[in-house]
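A structural walkthrough
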Amino acid sequence: MSDVSAVKAALKSQVIETPSWGYGNSGTRFKVFAQPGVPRDPFEKLADAAQVNAYTGVAPKVSLHIPWDRVEDYAALTRHAEELGLRIGAINSNVFQDDDFKLGSVTHPDPKVRRKAVDHLLECVDIMDATGSPDLKLWFSDGTNYPGQDDIAGRQDRLAEALGEVYARLGDDQRMLLEYKLFEPAFYTTDVPDWGTAYAHCLKLGPKAQVVVDTGHHAPGTNIEFIVAFLLREGKLGAFDFNSRFYADDDLMAGAADPFQLFRIMHEVAKNGGLKTETNVNFMLDQCHNIEAKIPAVIRSVTNVQEATAKALLIDAEALAEAQRCGDVLASNGVLMDAFNTDVRPLLAEVREELGLAADPFAAYLASGNQERIAADRVGGEQAGWGA
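Let me sum up the structure you'll find in this document. Quick caveat, the model's predicted, so the values are computed rather than measured.

Criteria and cut-off values
Residues numbered from 1 in each chain as written. Predicted model: local features only at pLDDT ≥ 70, side-chain atom pairs only at ≥ 80, totals over all residues. Heavy atoms only, no water. Buried < 20%, exposed > 50% of the residue type's maximum accessible area, 1.4 Å probe, protein only. Helix = DSSP H or I, 4+ residues; strand = E, 2+ residues; numbered from the N terminus. Pairing = 2+ DSSP bridges. Axes fitted to C-alpha atoms, helices over the stretch in contact; angles between N-to-C directions. Phe/Tyr/Trp six-rings, centres within 6.5 Å; stacked < 30°, edge-to-face > 60°.

**Regarding the pairing of strand 8 (residues 175-179)**
For strand 8, the buried fraction is high: 5 of the 5 residues fall into the buried class. In strand 8, alternate side chains face the same way, and those of Arg175, Leu177 and Glu179 on one face and Met176 and Leu178 on the other are all buried. The pairing of strand 6 (residues 135-138) with strand 8 spans 4 bridges and is classified as parallel. When the bridges of strand 8 are listed, Leu136 appears paired with Met176. Here strand 8 pairs with strand 10 (residues 209-214) via 4 bridges, running parallel. When the sheet's bridge partners are listed, Glu179 is paired in strand 10 with Val212.

**Here we look at the sheet that holds strand 8**
Strand order in this closed barrel of 8 strands is 1-4-5-6-8-10-11-12, and the pairing throughout is parallel. Between one strand and the next, the sheet's axes are offset by a mean angle of 30 degrees, whatever the strand orientation. Judged from the 4 bridges that link them, strand 4 (residues 61-65) and strand 5 (residues 87-92) form a sheet pairing that is parallel. By the bridge assignment for strand 5, Lys61 is matched with Arg87.

**Observations regarding the packing of aromatic side chains**
Scanning the entire structure with this criterion turns up 14 aromatic pairs. Their ring planes at 85 degrees and their centres at 6.3 Å tell us that Trp68 and Phe96 sit as a pair that is edge-to-face. Taken as a pair, Trp68 in the loop between strand 4 and helix 3 (74-83) and Phe96 in the loop between strand 5 and helix 4 (111-131) lie far apart in primary sequence, 28 residues in all. The partly exposed category is assigned to Trp68, whose relative accessible area is 24%. Judged by its relative accessible area of 28%, Phe96 falls in the partly exposed class. Considering the side-chain rings of Phe183 and Phe187, the 5.9 Å spacing of their centres and the 45 degrees angle between planes classify their relative orientation as tilted. Taking the relative accessible area as the measure of exposure, Phe183 reaches 33% and is therefore partly exposed.

In structure tokens form, the structure reads like this:
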């Protein structure tokens, strides 16, 4: 796609979902760092997400994490989101922070522990019903640390049984998004370590089960864009968790470590129909802002994804296809490099101004004074965060 008006239209319709936990305190396994103005409850997290949406214009959805975002009245939380111009996105389960899950959750050798884990997943579906969320996002820390610790194939059987029960509970307009991760916290085997394992389970479950690609969850050198192209071709790419990594699952701002990789991923997304509404790929951020201010960091992440998308849309598809047909390796690569080296910030500034937004969302937010206001207003109470 190289028609500028078509590129603008695609950019205006883009939706990037932000994570509620990205607005809370976070850190490393050694220390969680508190910051002034951090939300104290899910309602304040939504207020911060609304700031990101107000300045970027493309972030109207917010992922929730249970139990971190558990409230007594989900209808009230949903109304609060709607009043802020937001809607509830994916409901993320948490079966990794309970002492009972030390040896696993849905794959634990003890059926009582497995029952507890599945009941939590079913609670998350109840919350989907209450909030209108279309997606249940599942990530399991389950695995083993030592050879012989447990039966590898048996754990896959337990996983399949749990997923099947939860899948059967989904409504007609709901789906299950299964995430994978190469390692951590389990270091010998991880029960869902890669896209192939996730894909195999989703394929067996049915059309309402799709794979989540977290850009930080792969071995060094993994060609993530190949995974994206394959899953799109099979109709099994459900969502992204965008972040950046240098070494492992660093959860840094999207596009910070390797913007060229993000561009390559978005090229495969755009070329293979992943930006179309009917394809229903959810573009989520999954990031923890440990040392930087939360709202500005999320804004920067959103704009980084926008820039990668704009560059991908500017690729001369006809020239690329012709070079590929001719087997012209250098010309083919050159078409991609020309698009990647294009400065798309002026184009995005035009898109934002046409939407009635500031040309530079990051600068506009910093100038708004909101960061100072929330630091002054949110004194007292317990700050949101995941603890370590």
